[in-house]
Amino acid sequence: LTPFSASEEMRSTWQGKAGRSPLQALYESDQFEQSSLQAVHQQRRELLSNVCSRYTRKRRLLQPDDLRHLLVDDTHGLLYCYVPKVACTNWKRVMMVLTGQGKYQDPLEIPAHEAHVPSNLRTLSEYSVPEINYRLRSYLKFLFVREPFERLVSAYRNKFTLSYNTAFHKRYGTKIIRRHRQEPSDRALERGDDVRFEEFVYYLLDPRTQQEEPFNEHWERVHSLCHPCIIHYDVVGKYETLAEDANYILQLVGADTSVKFPASSKTTRTTDDMTAQFFQDISPFYQRRLFNLYKMDYLLFNYSIPSYLRLR
């Protein structure tokens, strides 16, 4: 499969008639008054573009493997780059409603495990090169992001502190304990179900980790999953403004008004205060190294350095 580039043609984003993008056409119509929400999304796109031009010297070619996280809705002309731990289960449910030809009515009726079955939604990597290029040029492209360390702690809590995630305990927990715990017990080495956050941090920063295999998608950096400096996203949604950003996207693509993004009811959600507690026992030296690992996500998506970090 030949690589394809994010050409200027592609970066002109969603070209419609007379060289105007559908986004522009919508902005200029009565349907969308120039709202504060549009201004916010314009600012996010501009910031992203500025950071990309500052920090990426050479634009590389996209490979099909880069597109495994881009889910396709051919009915509404939509590309969604899913990021685990950023409401991606609910977005996958919504995408199944949008692409399901009436098979699904309510996103919340779809069981969470079914939303993650790969065959239920097509990824952009499954298309031919001309089909990929057409969709990158013509479809509305969006992703959702979250404060990077809050997302990281959320991933740790979900994958390493819940008893039912035995696959993660076996796959990652046993390796983390073997490498980063002094005198581990036989039980810990066998089960891998009591990884401490500090050990998880050592694992992320260990050079061997990424030499052996890419990061798991739950703690991989957003810029490595979604390539926002190569793919020109029309909307950068944020976890912090999830409901309004989700509604904005559904309006933009003309989704049926009956399709609603599920309201969050989770009381176990990882918060900033909770994240701060996890970092209390991480030394300033490791805090700085971890921040550098996730620095591009902080810069690209305009998150400030957390106040609880001791980076001096």
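Source: prediction; values computed, not measured.

A. Seen up close, the overall build of the protein. In terms of helices and strands, the protein carries 16 helices and four strands. Split into buried and exposed, the 312 residues of the protein put 51% on the buried side. As displayed, the protein offers around 15900 Å² of accessible surface, 48% of which is attributable to carbon and sulfur atoms.

B. Representation of helix α8 (residues 166-180) within the structure. For α8, which comprises 15 residues, the first-to-last C-alpha distance of 19 Å matches the rise-based estimate of 21 Å (1.5 Å per residue) to within 8%. In the structure, α8 departs most strongly from a straight axis at G173, where the bend amounts to approximately 40°. Among the residues of α8, F168, H169, Y172, G173, T174, K175, I176, I177 and H180 are the ones counted as buried. The inward-facing, buried residues of α8 contact α7 (148-160), α9 (186-191), α10 (197-205) and α11 (207-212).

C. Structural context of the packing of helix α3 (residues 36-55) against helix α13 (residues 242-252). Closest axis-to-axis distance for the α3/α13 pair is 12 Å, and the angle between their directions is 95°. Judged by the inter-axis angle, α3 sits roughly perpendicular to α13. Within the contact between the two elements, α3 uses L37, Q38, H41 and R44 and α13 uses E244, D245 and Y248. Here the residues of the contact of α3 with α13 are counted per class, giving two nonpolar, two polar and three charged.

D. Representation of the pattern of salt bridges within the structure. Counting across every chain of the model gives 19 salt bridges. For D65, the salt bridge is made with R68, and the minimal N-O distance between the two is 2.8 Å. A salt bridge links R191 to D193; its shortest N-O distance comes to 3.5 Å.

E. The arrangement of the environment of R310 in detail. Turning to its location among the elements, R310 is positioned in the segment after α16 (295-300). For R310, a relative accessible area of 37% corresponds to the partly exposed category. With 25 residues separating them in the primary sequence, R310 and F285 have C-alpha atoms 8.6 Å apart. Every residue in contact with R310, bar those within four places of it in the chain, is listed here: F279, Q280, I282, S283, P284 and Q287.

F. Local environment of α7. Taking 1.5 Å per residue, 13 residues should reach 18 Å; α7 reaches 18 Å between its end C-alpha atoms and fits that length. With twelve of 13 residues buried, α7 is to be regarded as a mostly interior element. Turning to α7, its buried residues are P148, F149, E150, R151, L152, V153, S154, A155, Y156, N158, K159 and F160.

G. A look at the packing of aromatic side chains. Taken as a whole and assessed by the stated rule, the structure comprises 28 aromatic pairs. The interplanar angle of 50° and the centroid separation of 4.9 Å between the aromatic rings of W91 and F261 together place this pair among those described as tilted. Here W91 is found in helix α4 (residues 88-99), whereas its partner F261 is found in the loop between α13 and α14 (272-279), with 170 residues between them in sequence. In this structure, W91 and F261 share a single accessibility class: buried. Measuring from centroid to centroid gives 6.1 Å for F142 and F144, while their planes differ by 90°, and the two rings are edge-to-face. The pair F142 / F144 is uniform in exposure class, with both members buried. Over the ring of Y127 we find R122; its NZ or CZ atom is 4.1 Å from the centre of that ring. When the ring centre of Y172 is taken as reference, the NZ or CZ atom of R171 above it lies at 4.6 Å.

H. Structural view of unusual backbone geometry. Unusually for a residue other than glycine, K85 sits at a positive phi of about 75°. Positionally, K85 belongs in the loop between β2 (78-81) and α4. For K85, a relative accessible area of 19% puts it in the buried group. Backbone geometry at A87 places phi at a positive 60°, although glycine is not the residue there. Relative to the helices and strands, A87 is located in the loop between β2 and α4.

I. Layout of the environment of Y172. The residue Y172 is located in helix α8 in this model. It is 9.3 Å that separates the C-alpha atoms of Y172 and V195, two residues lying 23 residues apart in sequence. Those residues in contact with Y172, other than ones at most four positions away along the chain, are F160, Y203, E213, N216 and W219.

Parameters and conventions
- Residues numbered from 1 in each chain as written.
- Predicted model: local features only at pLDDT ≥ 70, side-chain atom pairs only at ≥ 80, totals over all residues.
- Heavy atoms only, no water.
- Helix = DSSP H or I, 4+ residues; strand = E, 2+ residues; numbered from the N terminus.
- Buried < 20%, exposed > 50% of the residue type's maximum accessible area, 1.4 Å probe, protein only.
- Areas by Shrake-Rupley, 256 points an atom, 1.4 Å probe, with all protein chains shown as cover.
- Expected span 1.5 Å × (residues − 1).
- Bend = angle between axes of the 7 residues up to and from the residue.
- Contact = heavy atoms within 4.5 Å.
- Axes fitted to C-alpha atoms, helices over the stretch in contact; angles between N-to-C directions.
- Parallel < 35°, antiparallel > 145°, perpendicular 65-115°, else oblique.
- Nonpolar A, V, L, I, M, F, W, Y, C, P; charged D, E, K, R; others polar.
- Salt bridge = Lys/Arg side-chain N within 4 Å of Asp/Glu carboxyl O.
- Phe/Tyr/Trp six-rings, centres within 6.5 Å; stacked < 30°, edge-to-face > 60°.
- Lys NZ or Arg CZ within 6 Å of the ring centre and 35° of its normal.

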